[in-house]
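In case you want the letters, here they are:
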Amino acid sequence: LNLWRDMQNAAPGPDEPWSKYLNDGLHLSREGNIFVGRKLTELIKKKFPELAVTPCPHTDYPGNSASVCPGLDHFGPWHDHINHTDPMQSFRKKRKMTIDVDGEQQE
């Protein structure tokens, strides 16, 4: 991922230079962080599609229980599935897992 080149190419023009992606010439600004996040997401989708997160179809947010990533196992409760009156209850639920003859995990 060549961020310098990509930021140079994304500059809209002389009135708004690529330096808008940096606060002080070195550290990323808000726009720079958004830019890097988008570029990393594009690269993951292209090079490692099994790790790409499909956002929630209703909110388009990648960090809730309706988002999906086929390449990563989900091992804890989502924040929206945690019982706020007894949070530990949500973490006590155990998944029964077995190993098949090929050594693969089965739920």
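Residues numbered from 1 in each chain as written. Predicted model: local features only at pLDDT ≥ 70, side-chain atom pairs only at ≥ 80, totals over all residues. Heavy atoms only, no water.

**Comments concerning the overall build of the protein**
The secondary structure content of the protein amounts to three helices and two strands. Here the protein holds 107 residues, and the buried ones make up 13% of them. Of the contacts made within the protein by residues no fewer than 6 positions apart, 13% connect residues no fewer than 24 positions apart. (Helix = DSSP H or I, 4+ residues; strand = E, 2+ residues; numbered from the N terminus. Buried < 20%, exposed > 50% of the residue type's maximum accessible area, 1.4 Å probe, protein only. Contact = heavy atoms within 4.5 Å.)

**With respect to the pattern of salt bridges**
Across all of its chains, the model carries two salt bridges by this definition. A salt bridge links Arg5 to Asp6, with the nearest nitrogen and oxygen atoms 3.2 Å apart. (Salt bridge = Lys/Arg side-chain N within 4 Å of Asp/Glu carboxyl O.)

**Quick notes on the packing of aromatic side chains**
Any two aromatic rings considered together are summarised by their centre-to-centre distance and by the angle between their planes. Applying the stated criterion to the full structure yields two aromatic pairs. With a centroid separation of 4.6 Å and 35 degrees between ring planes, the pair formed by Tyr21 and Phe35 is classed as tilted. Here the residue Tyr21 occupies a position in the loop between helix H1 (3-10) and helix H2 (30-47), and Phe35 occupies one in helix H2, the gap between them amounting to 14 residues. Phe35 carries the same exposure label as Tyr21, and that label is buried. (Phe/Tyr/Trp six-rings, centres within 6.5 Å; stacked < 30°, edge-to-face > 60°.)

**A look at the confidence of the model for the protein**
With 85% of its residues at a pLDDT of at least 70, the protein reaches an overall mean of 82. Mean pLDDT values over the elements of the protein span from 50, in strand S1 (residues 98-99), up to 94, in H2. (pLDDT = per-residue confidence, 0-100.)

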